[in-house]
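An overview of the molecular structure
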Amino acid sequence: MKNLFKILILVFFTVLIPNKIYAWEYPSNSTGYPYADSPEDEVDQWNTYTRNCTSYVMWKINQAGVPFHNNPTGPNGLTSKMGNAENWDTAASYIGYSVSTTPSVGNPVNWDANNGGSGSAGHVAWVEKINTNGTVFISEWNYNYGDGNYNERGSASGDHYLQITSSCSSGSTTIQNMTVVSGQTFNCSVASNSSISILPDSTFQNGSSVNLFIN
């Protein structure tokens, strides 16, 4: 096969109803976070604090396949402490990750201190979906006045968008965390050992068929 990392996926349907395919359904993103029922503010396995926003996003980054903790070494070989959520954009940029005002699905978003509803330490969340108006659907922990619980917001705008997990070339679309409409074409996924994986997991409604084309 040629270039397994460039994938065109066309979705067709055998019935009129249902007419959509869901690659990730909400609200299930809290499932699996290992400290959901733990006491708050204890040191977790990534050297941040349980049931805090940073702990949740550390978990999400590791779930996406990137080993990550509070003192990571980045692509440029430098190491930095991530620290409070307000510092994540600066720390990530210093160690070689891209930080911009453009969201990336399956990556962190952070806010400066006392901005966008955050507290004095800032806030960090996870981009689940990019809306057509440029806002983002996010999952997060410890947002509502520091309640130590899971939360989702359907239309948020962050201060900085960090690209820590792998993604495809600029302008491509990753098939994850979004509704796939009949006839749409995508060119971004993950391939290894001659097999294709659409991350994180894709579930298709009954009656639909998916044709996969590899260039």
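Above this note sits the structure.
Now for a quick tour of the structure.

How each quantity is defined
Residues numbered from 1 in each chain as written. Predicted model: local features only at pLDDT ≥ 70, side-chain atom pairs only at ≥ 80, totals over all residues. Heavy atoms only, no water. Pairing = 2+ DSSP bridges. Helix = DSSP H or I, 4+ residues; strand = E, 2+ residues; numbered from the N terminus. Axes fitted to C-alpha atoms, helices over the stretch in contact; angles between N-to-C directions. Polar contact = N/O pair within 3.5 Å; in protein donor to acceptor, adjacent residues only side chain to side chain. Contact = heavy atoms within 4.5 Å. Buried < 20%, exposed > 50% of the residue type's maximum accessible area, 1.4 Å probe, protein only. Salt bridge = Lys/Arg side-chain N within 4 Å of Asp/Glu carboxyl O. Core = buried A, V, L, I, M, F, W, Y, C linked by side-chain atoms within 4.5 Å.

**Brief notes about the sheet that holds strand β5 (residues 123-130)**
Each strand in a sheet pairs with another by means of backbone hydrogen bonds, the pair being arranged parallel or else antiparallel. The sheet built from 6 strands is open, its strands ordered β3-β8-β4-β5-β6-β7 with antiparallel pairing. The open sheet has two free edges, formed respectively by β3 (98-100) and β7 (150-156), since each of these has just one partner strand. Along the sheet, successive strands turn relative to each other by an average axial angle of 30 degrees, direction set aside. Here strand β6 (residues 136-141) runs beside β7; their pairing, made up of 5 bridges, is antiparallel.

**What about the side chain of T50?**
Note that T50 resides in the loop between β2 (20-22) and α1 (53-63). Within polar-contact distance, the side chain of T50 engages the backbone oxygen of P39 at 2.7 Å. Residues within four places of T50 in sequence aside, it is in contact with Y33, Y35, P39, E40, D41, E42, D44 and S55.

**What about the environment of Y33?**
Here Y33 shows up in the loop between β2 and α1. A sequence separation of 18 residues divides Y33 from R51, and the C-alpha atoms of the two residues are 9.1 Å apart. Apart from the residues within four sequence positions on either side, Y33 is in contact with W46, T50, R51, N52, S55, Y56, W59 and W141.

**Details of the environment of T90**
Mapped onto the secondary structure, T90 falls in helix α2 (residues 88-94). Given the relative accessible area of 55%, T90 is considered exposed. When the C-alpha positions of T90 and L162 are compared, they lie 9.8 Å apart, and in sequence the two are 72 residues distant.

**Details of α1**
Taken across its 11 residues, α1 has 9 buried, putting it largely inside the fold. Among all positions in α1, only C53, T54, S55, Y56, V57, M58, W59, K60 and I61 are buried. Those residues of α1 hidden inside the fold are in contact with α2, β4 (108-111), β5, β6 and β7. G65 occupies a position one or two residues after α1 and carries a positive phi of about 100 degrees.

**Topic: the environment of S139**
Examined against the element boundaries, S139 turns out to sit in strand β6. Its relative accessible area of 0% is what places S139 among the buried residues. Distance from S139 to V127, taken between C-alpha atoms, is 6.8 Å for residues 12 residues apart in sequence. Polar side-chain contacts of S139 include one of 2.6 Å to the side chain of E128.

**Some points on the pattern of salt bridges**
Counted by the stated rule, this structure contains 2 salt bridges. Here K60 and E128 are joined by a salt bridge, their closest N and O atoms 3.2 Å apart. Separated by 68 residues along the polypeptide, K60 in helix α1 and E128 in strand β5 bring together distant segments of the chain. Residue classification places K60 among the buried residues on the basis of a relative accessible area of 6%. Residue classification places E128 among the buried positions, given a relative accessible area of 0%.

**Re the nonpolar core**
Grouped together as the largest cluster of nonpolar side chains are 23 residues, with contacts concentrated most on I61, F68 and W88. Listed by contribution, the elements that provide at least two residues to this core are α1, α2 and β5. At 6 residues, the largest contribution of residues to this core is made by α1. Here F68 is in contact with W46, M58, I61, N62, M82, Y97 and I164, once residues within four sequence places are set aside. Membership of the second largest hydrophobic core comes to 8 residues, among which are V109, V136, I138 and A156.

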